[in-house]
Amino acid sequence: MSHEVVTTDAEFLKISTNTFGALRFKTSNENEAVKLYADQISTDHRKFTAKEARELPGFKVVTVKDKQRCLKPLQKPSSETSSKELPTP
C-alpha cells in the first residue's frame, strides 16, 4: 500500500534548559509539557519532577509554529474501476 505525506500547520511547546537541551511537545498545556520534559530527562540514577525541571538553569518555554508531517494512505481504486475486465489480445 502506498502513502502520501500530508503537511499541516502545527504549534508545539519547546522546553529547554542549559544542561539538557530542548525538546518539543505537541500540546498547548504548559504544565503537561513540563511533566513530559522532566520524564524525558530523568535517568535511572536521577529522577526529575516538574518543579525540579523548572528550577534548572536556563529553563525556558517557547511556543513554536512549524509544520506537522503525517503519512496518509492513498485512496484505493473504486470497485467500479477495479472490476473492469482487461482487453483480450
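Anyway, here's the lowdown on the structure attached to this text. (Residues numbered from 1 in each chain as written. Predicted model: local features only at pLDDT ≥ 70, side-chain atom pairs only at ≥ 80, totals over all residues. Heavy atoms only, no water.)

1. Describing the overall build of the protein
Next, step 1: Across its full length, the protein carries 3 helices and 3 strands.
Next, step 2: The N-to-C order of helical and strand elements in the protein reads β-β-α-α-β-α.
Next, step 3: Taken across its 89 residues, the protein has 20% of its residues classed as buried.
Next, step 4: Long-range contacts, defined as pairs at least 24 residues apart, comprise 57% of the intrachain contacts of the protein with a sequence gap of at least 6. (Helix = DSSP H or I, 4+ residues; strand = E, 2+ residues; numbered from the N terminus. Buried < 20%, exposed > 50% of the residue type's maximum accessible area, 1.4 Å probe, protein only. Contact = heavy atoms within 4.5 Å.)

2. What about the sheet that holds strand β1 (residues 3-17)?
Next, step 1: An order of β2-β1-β3 is seen for the 3 strands of this open sheet, with the pairing classed as antiparallel. The sheet is open, and its two edges are formed by β2 (21-25) and β3 (60-73), each paired on a single side. Strand-to-strand twist of the sheet, defined as the mean angle between neighbouring strand axes without regard to direction, takes the value 35°.
Next, step 2: Relative to the sheet, helix α1 (residues 30-41) contacts β1, β2 and β3, its axis offset from that of β1 by approximately 85°. (Pairing = 2+ DSSP bridges. Axes fitted to C-alpha atoms, helices over the stretch in contact; angles between N-to-C directions.)

3. Some remarks on the nonpolar core
Next, step 1: Formed by Leu 13, Ile 15, Phe 25, Ala 33, Val 34, Tyr 37, Ala 38, Ile 41, Phe 48, Ala 53 and Leu 56, the largest nonpolar core amounts to 11 residues.
Next, step 2: Only β1 and α1 provide two or more residues apiece to this core.
Next, step 3: In terms of residue count, the dominant contributor to this core is α1 (5 residues). (Core = buried A, V, L, I, M, F, W, Y, C linked by side-chain atoms within 4.5 Å.)

4. Details of the pairing of β1
Next, step 1: When β1 meets β3, the two strands line up antiparallel, connected through 14 bridges. Bridging from a neighbouring strand, Val 5 pairs with Leu 71 of β3.
Next, step 2: Bridge count between β1 and β2: 5 bridges; the pairing is antiparallel. Directly across from Ser 16, in β2, lies its bridge partner Ala 22.
Next, step 3: Where β1 hands over to β2, the hairpin turn is made up of 3 residues, counted between the paired strands.

Function cannot be read off these values alone, since they describe shape.
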